[in-house]
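The primary structure of each chain is shown beneath.
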Amino acid sequence: MSEADIELTGSQKSTIDSLLKGEAPIAPPAWLRARSVVDHESEVERAKADPDAFWAEKADALHWETKWTEVTRFDLPHHKWFVGGRLNATVSCIDRHVYSDRRNKAALIWVSEDGDERTYTYNRLYREVNRFANALRAMDVGRGDRVVIYMPLVPEGIITMLACARIGAIHSVVYAGMGTQALKARIEDAGAKVVVCSDATFRRGKRIELKPAVDEAVRDLTQVEAVIVHRRGSKPGDAAHEFESEREYDWYDVQAAHSIHCPPEVVDSEHPLFILYTSGTTGKPKGVVHATGGYMTGVNYLSRAFYQIEDRDIYWSTSDIGWVVGHSFIVYGPLSIGATVLVREGVPDYPTPDVTWELCERFGVNLMFTAPTALRMWMSHGADAVDKYDLTRLRLVACAGEPLNPEAHRWAQEHLVGQSDGMVVDNWWQTEIAGPVLGTLPSFEARMGKVGKTMPGVFASVVDKDGQPVEANSGGRLVIERPLPYMLRTVWNDDDRYQEYWSQIQVDGQPVYTAGDVAVQDEDGWFAVLGRMDDVMNVAGHRIGTADVEGSLLRHRDVAESAVVGLPDEVKGERIKAFVVLKSGVDVGAGLHASLRDHVREDLGPIATPSEIEIRDSLPKTRSGKIVRRLLRAESLGEDPGDLSTLAD
Ligand code: AMP
């Protein structure tokens with residue numbers, strides 16, 4: 001055991017102190033424990049004893065056209081799963097249910113912010129996905145082609161994702177709240193030949209136009225052959241639309257003439273299912289690549305084993321298709337097990353603070369996936385907005401994306417699952433590992449402030465920079481020692497950047513995956529994840545690189561230098577503060593702050609917009625010119641910045 005060798009921030013130190021005080025844990029209610037889909041302990045043991053046999057058993061739950069010949073082939077940092085296996089993800093997600101008693105079961109229930117509702121049975125989903133897949137094929141989109149999807153949480157977005165998978169095209173969903181620059185960078189990096197977008201979304205009662213950002217993003221991208229626009233308000237059968245650009249098409253028009261049957265493109269297990277961009281330490285987004293067979297195996301297993309989704313349940317994920325949660329636990333995981341998924345476009349406290357609970361009562365929601373930010377927001381509206389509804393069927397609320405603070409945890413335990421005597425559970429994962437890695441299951445107690453234990457098949461530890469395990473309860477680097485099937489295969493167009501995940505630390509002479517998080521583990525194996533080690537912020541559960549925001553500010557005509565830090569925020573976990581040095585001679589007008597904020601909002605989107613901007617004459621830097629963000633952060637919080645001599649270069 002070695003001493004921790006990382007510099008913890010003030011708030012990370014105080015988190016460890018409060019963890020050591022050991023608040024009372026929450027024991028799983030006996031009935032839920034008895035109903036738990038897997039017995040954690042025995043699954044962990046089985047996976048340890050023979051990981052390949054364990055994962056082969058899980059992969060068997062999918063439909064394979066050709067069975068694999070080898071479960072794993074590791075040549076670290078590269079790893080392959082179910083080698084020789086061939087499949088199409090949509091056959092497991094749709095076809096096999098259509099040819100079963102689930103044919104007319106609701107696959108998707110969609111609710112809009114203004115109360116519109118649509119239900120797609122598996123049978124209907126099959127028809128819609130296949131028809132749109134045929135339309136894409138007719139536009140010469142096929143195996144390996146990239147399609148960028150810039151759509152809000154509407155059924156057409158989910159149908160577009162599945163239609164791409166149907167024909168072996170690789171989708172890359174860009175969250176529809178991202179700005180022009182962020183969208184353009186992703187279309188360009190992915191080399192997308194088609195962009196599918198909605199013309200607008202609705203938020204807090206307002207129509208927000210999305211099409212202008214797409215027009216701007218593709219204007220000079222000659223690689224884009226077609227932009228297919230889903231127009232809110234247009235329906236199948238509406239008269240053909242006129243467009244200004246030759247490369248624009250209507251989402252409904254393009255499919256009108258096509259069949260509802262589209263033979264699935266059977267692909268290799270390692271064929272990329274999707275690319276999803278996330279922030280890193282440079283301003284260039286990272287295109288995380290997930291491979292079909294391994295990814296589907298992970299999300300299928302975890303939908304049952306972690307989220308406990310059973311056939312009769314209504315499961316609601318409050319995430320969005322723009323994030324990895326939306327891919328894994330709105331679309332591919334739940335559909336692959338034949339679940340009924342409820343989704344809603346819009347924010348969870350509009351038009352009223354209690355809209356979420358009214359919907360839970362109306363649909364009889366059994367399981368919910370949400371984020372700690374949402375819990376804190378609901379908490380701020382008071383328990384009355386929840387308690388007046390019948391939530392007796394809501395038995396499990398799973399939270400991920402950012403640390404779940406004990407206050408929010410206890411509040412949710414009392415008010416969200418109190419009526420059912422259910423459980424609130426935390427889980428840790430990331431865009432790169434597309435399903436729970438650490439988490440709490442109803443088969444063991446939830447320890448306040450701790451995410452939980454390793455999931456079956458996961459070998460994780462907390463180590464120092466030399467790969468030595470750190471003492472219990474002291475901070476270190478979270479590493480994963482063995483690849484998982486649902487772990488990224490590479491970074492699109494940048495395998496060197498991928499290799500960095502595996503080249504930072506070795507444990508027992510073997511490379512391990514560095515997650516980029518600071519964590520602690522207690523004597524009994526419960527982990528707590530305290531935050532990122534790199535310059536990546538977590539705002540309301542969304543990862544935003546300081547470099548992205550700094551780069552955007554630098555594109556403003558008046559800005560000479562910028563630095564960005566994340567500061568603690570009661571609701572969002574972190575908020576963004578920017579420090580800006582103006583170009584000499586710039587007159588500071590009264591509109592400067594608003595102009596800077598508007599600029600970032602348009603460039604990157606509302607989630608990346610700084611909530612505070614400070615204009616300074618200079619920024620603190622090391623001798624070699626690196627900005628010392630730690631000092632800026634400590635100054636803003638009135639904390640001691642720690643030993644700055646280590647930052648000399
Ligand atoms: P993303 O790739 O956007 O899903 O962000 C992943 C990052 O969010 C992780 O690397 C963590 O820093 C953080 N994170 C996710 N889940 C948790 C959790 N349950 N507790 C603490 N941090 C989390």
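The preceding data block contains the structure.
Presented here is an overview of the structure given in this document. (Residues numbered from 1 in each chain as written. Predicted model: local features only at pLDDT ≥ 70, side-chain atom pairs only at ≥ 80, totals over all residues. Heavy atoms only, no water.)

## Concerning the overall build of the protein chain
- A tally of helices and strands in the protein chain yields 19 helices and 34 strands.
- Here the C-alpha radius of gyration of the protein chain, 24 Å, is about what a compact globule of 649 residues would show, namely 26 Å.
- By principal-axis analysis of the C-alpha atoms, the protein chain measures approximately 70 × 65 × 55 Å.
- For the protein chain, the residues scored as buried account for 62% of the 649 residues in total.
- Considering only residue pairs separated by 6 or more positions, the protein chain has 71% of its internal contacts joining residues 24 or more positions apart. (Helix = DSSP H or I, 4+ residues; strand = E, 2+ residues; numbered from the N terminus. Rg over C-alpha atoms; globule rule 2.2 N^0.38 Å. Buried < 20%, exposed > 50% of the residue type's maximum accessible area, 1.4 Å probe, protein only. Contact = heavy atoms within 4.5 Å.)

## So, the site of the ligand
- Around the ligand there are 15 residues in total, and Asn 427, Thr 431, Asp 517, Arg 532 and Arg 543 lie nearest to it.
- The backbone of Asn 427 places a nitrogen or oxygen atom 2.7 Å from a nitrogen atom of the ligand.
- The protein chains hide 93% of the 500 Å² of surface that the ligand would expose on its own.
- Listed by contribution, the elements that provide at least two residues to the shell around the ligand are β20 (423-430) and β29 (527-532).
- With five residues, β20 is the largest single contributor of residues to the shell around the ligand. (Near = heavy atom within 4 Å. Polar contact = N/O pair within 3.5 Å; in protein donor to acceptor, adjacent residues only side chain to side chain. Areas by Shrake-Rupley, 256 points an atom, 1.4 Å probe, with all protein chains shown as cover.)

## Some words on the layout of surface pockets
- Reported here for the second largest pocket is a volume of approximately 430 Å³.
- Lining the second largest pocket are 25 residues, and of these Trp 110, Asp 116, Arg 118, Arg 232 and Gly 233 sit closest to its centre.
- Contributing elements (two or more residues each) for the lining of the second largest pocket: β5 (117-121), α6 (122-138) and β10 (206-209).
- A class-by-class count of the residues in the lining of the second largest pocket yields seven nonpolar, five polar and 13 charged. (1 Å grid on protein atoms, 1.4 Å probe; cavity = no way out; pocket = protein on both sides within 12 Å on 5 of 7 lines; lining within 4 Å. Points joined across faces, edges and corners; volume = space filled by probe spheres on them. Nonpolar A, V, L, I, M, F, W, Y, C, P; charged D, E, K, R; others polar.)

## Quick notes on the sheet that holds strand β33 (residues 573-582)
- Read across the open sheet, the three strands follow the order β32-β33-β34; overall the sheet is mixed. Lying at the two open borders of the sheet, with one neighbouring strand each, are β32 (559-569) and β34 (612-616). Each neighbouring strand pair of the sheet contributes to a mean axis angle of 25 degrees, computed without reference to strand direction.
- Taken together, the ten bridges between β32 and β33 define a ladder with antiparallel strand orientation. Bridged to Val 564 within β33 is Ala 578.
- Its contacts with the sheet put helix α17 (residues 546-554) on β32 and β33, and the angle it makes with β32 is roughly 145 degrees. (Pairing = 2+ DSSP bridges. Axes fitted to C-alpha atoms, helices over the stretch in contact; angles between N-to-C directions.)

## Quick word on the pairing of strand β30 (residues 536-539)
- Residues Val 536 and Asn 538 line one face of β30 and the alternating positions Met 537 and Val 539 line the opposite face, and both faces are buried.
- Note: β30 against strand β31 (residues 542-545), four bridges, orientation antiparallel. Residue Met 537 lies in a different strand from β31, and its bridge partner there is Ile 544.
- Between β30 and β31, which pair antiparallel and follow one another directly, the connecting turn spans two residues, one of which, Ala 540, has a positive phi of 50 degrees.

## Overview of empty space enclosed by the protein
- Counted by the stated rule, this structure contains four cavities of 30 Å³ or more.
- Size it by volume and the largest cavity reaches roughly 40 Å³.
- Every residue lining the largest cavity is listed: Leu 87, Asn 88, Ala 89, Ala 165, Gly 168, Ala 169, Val 267, His 271, Pro 272, Leu 273 and Thr 292.
- Broken down by class, the residue content of the lining of the largest cavity amounts to seven nonpolar, four polar and no charged.

## A word on the nonpolar core
- In terms of nonpolar packing, the biggest core is built from 120 residues, with Phe 132, Tyr 332, Trp 428 and Val 437 touching the most fellow members.
- Excluding residues within four positions of it along the chain, Tyr 332 makes contact with Ala 89, Cys 93, Met 161, Leu 162, Ala 165, His 171, Leu 273, Tyr 295, Met 296, Val 299 and His 327.
- If you look at the next biggest cluster of nonpolar residues, it comprises 39 residues, including Val 218, Trp 323, Ile 544 and Val 564. (Core = buried A, V, L, I, M, F, W, Y, C linked by side-chain atoms within 4.5 Å.)

## Section: the state of the cysteines
- Applying the stated rule across the entire model yields zero disulfides.
- Lacking any disulfide linkage, Cys 262 is separated from the closest cysteine sulfur, that of Cys 164, by 11 Å.
- Given the relative accessible area of 1%, Cys 262 is considered buried. (Disulfide = S-S within 2.5 Å.)

## A few points about the packing of aromatic side chains
- Applying the stated criterion across every chain yields a total of 25 aromatic pairs.
- Ring geometry for Trp 64 against Trp 68: centres 5.0 Å apart, planes inclined by 70 degrees, an arrangement best described as edge-to-face.
- By relative accessible area, which is 11% here, Trp 64 ends up buried.
- Overall, the relative accessible area of 11% leaves Trp 68 in the buried class. (Phe/Tyr/Trp six-rings, centres within 6.5 Å; stacked < 30°, edge-to-face > 60°.)

## Looking at unusual backbone geometry
- Cis geometry is found at the peptide bond from Leu 76 to Pro 77, where omega equals 15 degrees.
- Tracing the backbone shows Pro 77 in the loop between β1 (70-75) and β2 (78-83).
- Residue Pro 351 is reached from Tyr 350 by a cis peptide bond, and omega for that bond is 5 degrees.
- Backbone geometry at Arg 204 places phi at a positive 50 degrees, although glycine is not the residue there.
- Here Arg 204 is to be found in the loop between β9 (200-203) and β10.

## Some thoughts on the environment of Leu 136
- Within the element layout of this structure, Leu 136 appears in helix α6.
- Residue classification places Leu 136 among the buried residues on the basis of a relative accessible area of 1%.
- With sequence-adjacent residues up to four places away left out, Leu 136 is seen in contact with Val 141, Ala 163, Cys 164, Ile 167 and Ile 228.

## Focus: the sheet that holds strand β28 (residues 513-521)
- The strand order across the open sheet built from four strands is β23-β24-β28-β29, with neighbouring strands paired in antiparallel fashion. Each edge of the open sheet carries a strand with a single partner, namely β23 (460-463) and β29. Along the sheet, successive strands turn relative to each other by an average axial angle of 45 degrees, direction set aside.
- As judged from the five bridges shared by β28 and β29, these two strands associate in the antiparallel manner. Bridging across to β29, Val 518 finds its partner in Gly 531.
- Along the sheet, helix α1 (residues 10-21) contacts β28 and β29; its crossing angle with β29, the most-contacted strand, is approximately 170 degrees.

## With respect to the pattern of salt bridges
- In this structure the tally under the stated criterion is 54 salt bridges.
- Here Lys 577 and Glu 612 are joined by a salt bridge, their closest N and O atoms 3.4 Å apart. Here the residue Lys 577 occupies a position in strand β33, and Glu 612 occupies one in strand β34, the gap between them amounting to 35 residues.
- Each member of the salt-bridge network shares a partner with another, and the members are Arg 575, Lys 577, Glu 612, Glu 614, Arg 616 and Glu 635. (Salt bridge = Lys/Arg side-chain N within 4 Å of Asp/Glu carboxyl O.)

## Details of the pairing of strand β11 (residues 226-230)
- Of all the five residues making up β11, five are buried; the element is thus mostly covered by neighbouring parts of the structure.
- With burial as the criterion, each face of β11 is covered, one bearing Ala 226, Ile 228 and His 230 and the other bearing Val 227 and Val 229.
- Here strand β8 (residues 194-198) pairs with β11 via five bridges, running parallel. Residue pairing for β11: Cys 197 is matched across the bridge by Val 229.

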